[in-house]
Amino acid sequence: MSRSNFNNFKRIRREENLVVIVSLLVFLYVCIYVLTQNIHGDGFVHMFYAKEIVKNQNLIDHQPYRILDIYKGRMKYFPISYPLTYHVFLSVLYLFGGTILLKISSAFFATLVVIVLYLLFRNVKWYLGLVGGFFGVILSSHRFIMVPLMEQYLIPSFFFAVLFIYEFYTKNKTRYAILSGFFIGLSIAIKQQGLVLSSSLILFVLISIIVRKKLNFRSSIKGLLVMFSAIALVSFLPLYDQIDRTGTIGYSPGETRLPNFIPLSTYIQKNILKSKFPIDKEGKEWLDKVIGYKLKELSISDTFRQYILFPAYYNRWMHYKDDINILIFFSILIISGISLLFKRSKLIFSLTLLIFLSEFTTTWFFKTRIHQYQQIGIITLSIFIVAGTTRITKQLKEYNKLLVPLFLMYLIVVLIVGWVTYIHNPLFKQEGRQSDEYIRLFKELGKFVKENTPKEAIFLAAETNFRYYAERNSIWVSNGGGGKIPLILNSKDPKIAIKWLKYYKVDYIFINLDQTKRKGVYDYIPNNGLLTYLDNSTNYFELVYAVPKEKPLLKLYKVKYKTQ
């Protein structure tokens with residue numbers, strides 16, 4: 001073996017060893033959090049769906065036990081707003097490994113993100129994808145730790161699609177067209193966001209074929225047809241099922257807005273994205289008033305600051321704390337990173353920038369918080385930061401070697417402060433509604449409900465935990481129904497409350513007193529209405545169960561109509 005070959009062999013082995021080490025670190029990092037905590041938040045909702053699929057041994061048509069509305073005696077259940085592909089995957093994991101396997105799957109997919117990014121960037125600078133993926137997972141901790149979530153499946157699926165688009169573009173082989181089509185179709189079949197992101201990839205391929213600088217036109221057309229066939233094969237049935245259930249591939253209940261610059265946007269909104277479950281104006285108006293974290297306005301400037309400042313503040317909404325020094329620091333890093341990618345590989349540069357711009361536009365148009373839904377944007381941002389760090393440290397080293405450790409120290413301190421403040425402390429302490437004590441109380445309440453109330457009873461209740469452990473139908477205010485429920489919650493007169501409780505045929509009222517402190521979606525109870533007289537109006541309401549016995553947190557009341 002020649003000396004050059006031997007050196008190449010050593011370099012490849014070193015890279016492979018580092019990939020294994022970093023992947024193991026990511027896997028262990030996520031496991032440390034997920035294995036020590038209960039499944040919580042949106043993850044608990046999705047796990048609920050998977051459990052019901054296993055229980056029924058069939059796909060489900062709507063959210064379990066959740067009533068959307070009752071009108072003239074007709075009950076309508078709350079739809080599932082997504083394709084069921086993801087929930088089928090979850091049900092298989094749940095069937096064979098329960099919640100433990102669901103938790104471990106989060107660590108597995110986080111690790112997969114790092115590996116696929118390494119494969120994508122190894123021909124540019126091998127460590128960009130590896131280190132960028134590592135920091136991307138850390139910055140996205142809230143979504144990887146909250147298990148199981150759709151984003152955990154969507155992110156690696158989408159980046160695999162990007163990888164095989166890159167391979168197709170550079171090698172023009174049919175197998176890469178098939179693989180890219182498969183993962184694009186899978187991304188679309190997991191979540192609507194996958195459709196938006198995948199559209200940018202398809203646009204990239206079409207432009208590449210038209211330009212024809214790298215691709216042979218005839219073979220590329222063949223590859224494109226194969227790719228679209230694979231996309232259709234993977235995504236058709238999940239999308240068809242969703243449209244059959246909800247009438248739209250968009251969010252339901254509600255409406256899906258499209259930017260005006262999209263051709264035929266008005267026609268598409270009215271005919272293709274029209275939901276079977278329209279917005280309930282009364283319910284939406286009340287929710288818009290009480291939801292504490294909903295962004296009312298989001299300018300392009302706000303969106304820019306949200307992304308640039310995110311590495312320092314992680315999940316905090318940046319509008320309230322703009323640090324000009326950090327803004328300038330990360331702006332320079334990101335611009336330097338983008339310029340390095342442009343210099344090294346215009347193809348990789350075009351792909352990553354297109355993905356980031358797609359996420360940026362989605363954030364701005366739909367007024368979202370990037371820590372909730374834009375993890376792919378966060379990860380591409382991490383790539384830019386790592387690339388920018390590489391370029392700046394090299395330039396500083398040429399100017400003055402002492403500046404390099406100062407620069408790196410500042411960057412590391414900023415990242416660690418953000419991690420400790422907004423990731424580690426709140427999650428490590430298991431704060432929130434899924435603490436061990438909460439789960440124990442809900443189990444006790446659920447057991448009582450199943451043993452002492454009719455299966456057909458209707459409960460006024462917002463908690464997913466309640467439906468999961470009690471297995472009873474419940475109704476609450478939402479964008480698509482329950483518009484009269486605020487009249488119950490805000491009422492100062494029990495007779496008025498009874499009138500609207502009767503309207504919804506409610507048999508029991510479930511109260512979690514912590515809901516007076518929350519202002520989340522479908523999960524808020526004002527403490528100056530119904531709660532002021534529930535315990536005192538014994539002619540109308542009867543307390544039938546409360547836990548814990550001293551200073552109850554969860555209460556269950558029976559509604560008494562016979563006195564009316």
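Before any of the text, the structure's been laid out above.
Now for a quick tour of the structure. Remember, predicted model here, so these are calculated numbers, not experimental data.

## A look at the overall build of the protein chain
At step 1: Along the backbone of the protein chain there are 21 helices and 7 strands.
At step 2: For 564 residues, the compact-globule estimate of 2.2 N^0.38 gives 24 Å, and the protein chain sits close to it at 26 Å.
At step 3: Along the first, second and third principal axes, the C-alpha atoms of the protein chain reach 95 × 55 × 45 Å.
At step 4: Considering the protein chain as a whole, with its 564 residues, one finds that 55% of them fall into the buried category.

## So, the side chain of Ser491
At step 1: Here Ser491 shows up in the loop between α20 (485-489) and α21 (494-503).
At step 2: Residue classification places Ser491 among the buried residues on the basis of a relative accessible area of 6%.
At step 3: If we skip the residues at most four places from it in the chain, Ser491 touches Pro486, Ile496, Ala497, Gly529, Leu530 and Tyr533.

## What about the environment of Phe236?
At step 1: Here Phe236 shows up in helix α9 (residues 217-246).
At step 2: Linking Phe236 and Ile188, residues 48 residues apart in sequence, is a C-alpha distance of 9.4 Å.

## Some words on the packing of aromatic side chains
At step 1: Within the structure shown, the criterion is met by 41 aromatic pairs.
At step 2: Seen from their ring centres, Tyr29 and Tyr33 are 5.4 Å apart, and the 70° between their planes marks the pair as edge-to-face. Of this pair, Tyr29 and Tyr33 are both found in helix α1 (residues 3-34), 4 residues apart, which corresponds to roughly one turn of the helix. Tyr33 carries the same exposure label as Tyr29, and that label is buried.
At step 3: Between Trp500 and Tyr503 the ring centres are 5.4 Å apart and the planes differ by 70°, which places this aromatic pair in the edge-to-face class. Note that Trp500 and Tyr503 are positioned in helix α21 at a spacing of 3 residues, about one turn of the helix.
At step 4: Each member of the aromatic cluster is reached from another via a ring pair, and the members are Tyr438, Phe442, Phe459, Phe466, Tyr508 and Phe510.
At step 5: In this arrangement the basic side chain of Arg66 is found over the ring face of Phe78, its NZ or CZ atom lying 3.8 Å from the centre.

Calculation rules
Residues numbered from 1 in each chain as written. Predicted model: local features only at pLDDT ≥ 70, side-chain atom pairs only at ≥ 80, totals over all residues. Heavy atoms only, no water. Helix = DSSP H or I, 4+ residues; strand = E, 2+ residues; numbered from the N terminus. Rg over C-alpha atoms; globule rule 2.2 N^0.38 Å. Buried < 20%, exposed > 50% of the residue type's maximum accessible area, 1.4 Å probe, protein only. Contact = heavy atoms within 4.5 Å. Phe/Tyr/Trp six-rings, centres within 6.5 Å; stacked < 30°, edge-to-face > 60°. Lys NZ or Arg CZ within 6 Å of the ring centre and 35° of its normal.

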